Amino acid sequence: MAARPAATPRWLTDAEQQAWIAVAQLVLQLPGALDAQLQRDSGVNLFEYLTLSRLSMAPDRLLRMSALAELTGGSLSRLSNVVKRLEQRGFVRREPDPADGRYTNAILTTEGWDKVVAAAPGHVEAVRHLVLDPLGPAQIAALGEIGEQLRAHVRGECAAPPPAETDC
């Protein structure tokens, strides 16, 4: 059987290349900058903070591990490792879900609440300084929409190339 010829790559235009490089550099630089601030000021890394923060906003400060993984943008495996470390530090505890023992709940402890409350002001200031302050209200709205659209696409919510009139 003969090999099929490869399709011609859809090379990036100059404008697409510029946009892609800007996004790639941001994706590589921003987590490190936010992580450094959190480590320096609060002794937690960015993913630990996001985990504590999401739990702090949940009803009863409790979430199923699968839901928490979704909210933090991490895999269940990565989240399990982080929650184990947070549990060892007294910030989180895990318990079987009483409604369905096949699931595990992560629960923010009082110590975890205190940690996230203490870390939040510095983190919010860093987010404002690094991401929001250079933008106007319309740009912030567009950034949110673009970020959500790309996040959904990367997660596979848009399986095929979209028609021009869809959001994916």
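These notes cover the structure that comes with them. (Residues numbered from 1 in each chain as written. Predicted model: local features only at pLDDT ≥ 70, side-chain atom pairs only at ≥ 80, totals over all residues. Heavy atoms only, no water.)

### Some points on a nonpolar patch on the surface
On the surface, Leu 12, Trp 20, Ile 21, Val 23 and Val 27 cluster together into a nonpolar patch covering about 460 Å² of accessible area. Along the chain, Val 23 falls in helix α1 (residues 14-42). The exposure class of Val 23 is partly exposed, given its relative accessible area of 37%. (Patch = residues over 30% accessible without salt bridge, like charges linked within 9 Å, V, L, I, M, F, W, Y side chains within 5 Å. Areas by Shrake-Rupley, 256 points an atom, 1.4 Å probe, with all protein chains shown as cover. Salt bridge = Lys/Arg side-chain N within 4 Å of Asp/Glu carboxyl O. Helix = DSSP H or I, 4+ residues; strand = E, 2+ residues; numbered from the N terminus. Buried < 20%, exposed > 50% of the residue type's maximum accessible area, 1.4 Å probe, protein only.)

### What about unusual backbone geometry?
Trans is the prevailing form of peptide bonds, just as negative phi is the prevailing case for residues other than glycine. Although it is not a glycine, Asp 60 adopts a positive phi angle of roughly 60 degrees. The residue Asp 60 is located in the loop between α2 (46-57) and β1 (62-64) in this model. Using a relative accessible area of 73% as the deciding quantity, one classes Asp 60 as exposed. Residue Arg 61 is not a glycine yet carries a positive backbone phi of 55 degrees. The residue Arg 61 is located in the loop between α2 and β1 in this model. We classify Arg 61 as partly exposed; its relative accessible area is 31%.

### A short note on the pattern of salt bridges
Under the counting rule described, the total for this entry stands at nine salt bridges. In this structure, Arg 94 engages Glu 87 in a salt bridge whose closest nitrogen and oxygen atoms are separated by 2.8 Å. Exposure remark for Glu 87: the relative accessible area of 28% places this residue in the partly exposed category. Arg 93 is paired through a salt bridge with Glu 95; the nearest N and O atoms lie 2.8 Å apart. Given a relative accessible area of 33%, Glu 95 falls into the partly exposed group. The network of salt bridges with common partners includes Glu 48, Arg 85 and Arg 89.

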